[in-house]
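An overview of the molecular structure
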Amino acid sequence: MKKLIGLVGTNSTASTNRQLLQFMQQHFSERAEIELVEIKALPVFNKPESKELPESVKALAEKIEAADGVMISTPEYNHSAPAVLINALNWLSYGIYPFVDKPVMITGASYGTLGSSRAQMHLRQILDAPELKARIMPSSEFLLSHSLQAFDDENKLVSKEKIEKLEGLFEDFLTFVDIINQLNHAHEINKKEAENFSWERV
Ligand SMILES: Cc1cc2nc3c(=O)[nH]c(=O)nc-3n(C[C@H](O)[C@H](O)[C@H](O)COP(=O)(O)O)c2cc1C
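Quick look at the structure, then.

Cut-offs used in this document
Residues numbered from 1 in each chain as written. Predicted model: local features only at pLDDT ≥ 70, side-chain atom pairs only at ≥ 80, totals over all residues. Heavy atoms only, no water. Helix = DSSP H or I, 4+ residues; strand = E, 2+ residues; numbered from the N terminus. Rg over C-alpha atoms; globule rule 2.2 N^0.38 Å. Buried < 20%, exposed > 50% of the residue type's maximum accessible area, 1.4 Å probe, protein only. Contact = heavy atoms within 4.5 Å. Near = heavy atom within 4 Å. Polar contact = N/O pair within 3.5 Å; in protein donor to acceptor, adjacent residues only side chain to side chain. Areas by Shrake-Rupley, 256 points an atom, 1.4 Å probe, with all protein chains shown as cover. Nonpolar A, V, L, I, M, F, W, Y, C, P; charged D, E, K, R; others polar. Expected span 1.5 Å × (residues − 1). Right-handed = clockwise from strand over helix to strand, strands pointing away. Pairing = 2+ DSSP bridges. Salt bridge = Lys/Arg side-chain N within 4 Å of Asp/Glu carboxyl O.

**Focus on the overall build of the protein**
Of the regular secondary structure elements, the protein holds 6 helices and 6 strands. For the protein, the succession of helices and strands along the chain, N to C, is β-α-β-α-β-α-β-α-β-β-α-α. Computed over C-alpha atoms, the radius of gyration of the protein comes to 17 Å, within 12% of the 17 Å expected from 2.2 N^0.38 for 202 residues, which places it in the range of a compact globule. If you line up the protein on its principal axes, its C-alpha atoms span 55 × 35 × 25 Å. By the burial criterion, 47% of the 202 residues in the protein qualify as buried. At a minimum sequence separation of 6, the contacts of the protein that also span at least 24 residues come to 79%.

This is the structure in C-alpha cells:
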C-alpha cells in the first residue's frame, strides 16, 4: 500500500483543510496509508547563516522523502496560499530538496465560492521552483467552496458529487505516483541541479 503525506496548509486550530485531509485519510484508508503532517511548529524562515536547519524542518523533510507522494491542502488568504504554508516550502527548499520529483496532489478549501482556486494556482507555481521541483498532478483541481458548510457532524463531506470527484482524483493520484516513478531517468540530475542551484552565488 502506498504511503502518502497529507500536509495541512495552515496553523489554524480549527481548519476545514485539516478536516478535508482527515476525511481523505479515513475515506481512502483501504487504498493508501495517509499520515497527516502539521506545519504549525516550524519557525519563521530566517536564512540561517550556518545553513543548519531546525530539527522540526529536518524531521518534516525526512517524512516527505520517505513518502510515495504528498497531498497538500491549502486555504486561501488574499488570493494566495497562507504565509505559513509558503514558509514551510521555503524551509523545505533551503539546503534540502525533499520535493524534487515527488508526486504532489493539491487540494484546498475556502469559505468563499471559488474553493481556494487562486491559492492553488500560486502553490503550483511555487512547487515548480528550481529547488522544489515537485511533480504536481496536472489538469486537476479539487476545490472545496463554502467549506464551513461542507462537512457533517461525523466529518464526512456532505456533497455526494464532491465525494465522487475526490474519489476520481485520488485514484488518478495513485496512478500518477506510479507514472512518476517510471519518469525517473533524470532524477539524479534533477536532484543535483537543485543542490547546485543557489540564489546566493555571485
Ligand atoms: C487573511 C485572510 C484572507 C482571506 N482571503 C480569502 C480569499 O482571498 N479568498 C477566499 O476564498 N477566502 C479568503 N479567506 C477566508 C478563507 O477562505 C478561510 O479562512 C480559509 O481558506 C479556510 O481554510 P481553513 O478552514 O483550513 O482555515 C481569507 C481569510 C483570512 C484570514
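And the narrative resumes.
**Regarding the environment of Ala 119**
Here Ala 119 lies in helix α4 (residues 117-127). The exposure class of Ala 119 is buried, given its relative accessible area of 0%. When the C-alpha atoms of Ala 119 and Ser 80 are compared, they prove to be 3.9 Å apart, with 39 residues separating the residues in sequence. In this view, Ala 119 contacts Thr 74, Pro 75, Glu 76, His 79, Ser 80 and Ala 81; residues no more than four positions away in its chain are not counted.

**Here's the deal with the site of the ligand**
In the vicinity of the ligand, the contacting residues are Ser 15, Thr 16, Asn 17, Pro 75, Glu 76, Tyr 77, Asn 78, His 79, Ala 109, Ser 110, Tyr 111 and Gly 112. Within the side chain of Ser 15, an N or O atom sits 2.6 Å from an oxygen atom of the ligand. The backbone of Ala 109 places a nitrogen or oxygen atom 3.3 Å from an oxygen atom of the ligand. Expressed as a share of its isolated accessible area of 620 Å², the protein-covered part of the ligand is 73%. Class assignment for the residues of the shell around the ligand results in 4 nonpolar, 7 polar and 1 charged.

**Quick look at helix α5 (residues 160-182)**
Taking 1.5 Å of rise per residue, the 23 residues of α5 would be expected to cover 33 Å, and the 34 Å separating its terminal C-alpha atoms lies within 8% of that figure. The complete set of buried residues in α5 reads Ile 163, Leu 166, Leu 169, Phe 170, Phe 173, Leu 174, Phe 176, Val 177 and Ile 180. Where α5 starts, the residue carrying a side-chain oxygen 3.4 Å from the main-chain nitrogen of Glu 161 turns out to be Ser 159.

**Digging into the pairing of strand β4 (residues 103-109)**
When you tally the buried positions in β4, you get 7 out of 7 residues, the bulk of the element. Of the two faces of β4, the one carrying Pro 103, Met 105, Thr 107 and Ala 109 and the one carrying Val 104, Ile 106 and Gly 108 are both buried. Each parallel crossover has a hand, and for strand β3 (residues 69-74) linked through helix α3 (residues 83-91) to β4 it is right-handed. The pairing of β4 with strand β6 (residues 142-144) spans 3 bridges and is parallel. The residue of β6 that forms the bridge with Ala 109 is Leu 144.

**Details of the environment of Gln 125**
Checked against the element boundaries, Gln 125 lands in helix α4. Between the alpha carbons of Gln 125 and Ile 136 there is a distance of 9.8 Å; along the sequence they are 11 residues apart.

**Describing the pattern of salt bridges**
According to the stated counting rule, one finds 12 salt bridges in the structure shown. In this structure, Arg 18 engages Glu 38 in a salt bridge whose closest nitrogen and oxygen atoms are separated by 2.7 Å. Placement of Arg 18 in helix α1 (residues 16-27) and of Glu 38 in the loop between β2 (32-37) and α2 (55-66) is noted, with a sequence separation of 20 residues between them. The class for Glu 38 is partly exposed, based on a relative accessible area of 32%. Between Glu 65 and Lys 191 there is a salt bridge, and its shortest N-O distance comes to 3.2 Å. Taken together, the positions of Glu 65 in helix α2 and Lys 191 in helix α6 (residues 187-196) put the pair 126 residues apart, joining distant regions of the chain. Overall, the relative accessible area of 41% leaves Glu 65 in the partly exposed class.

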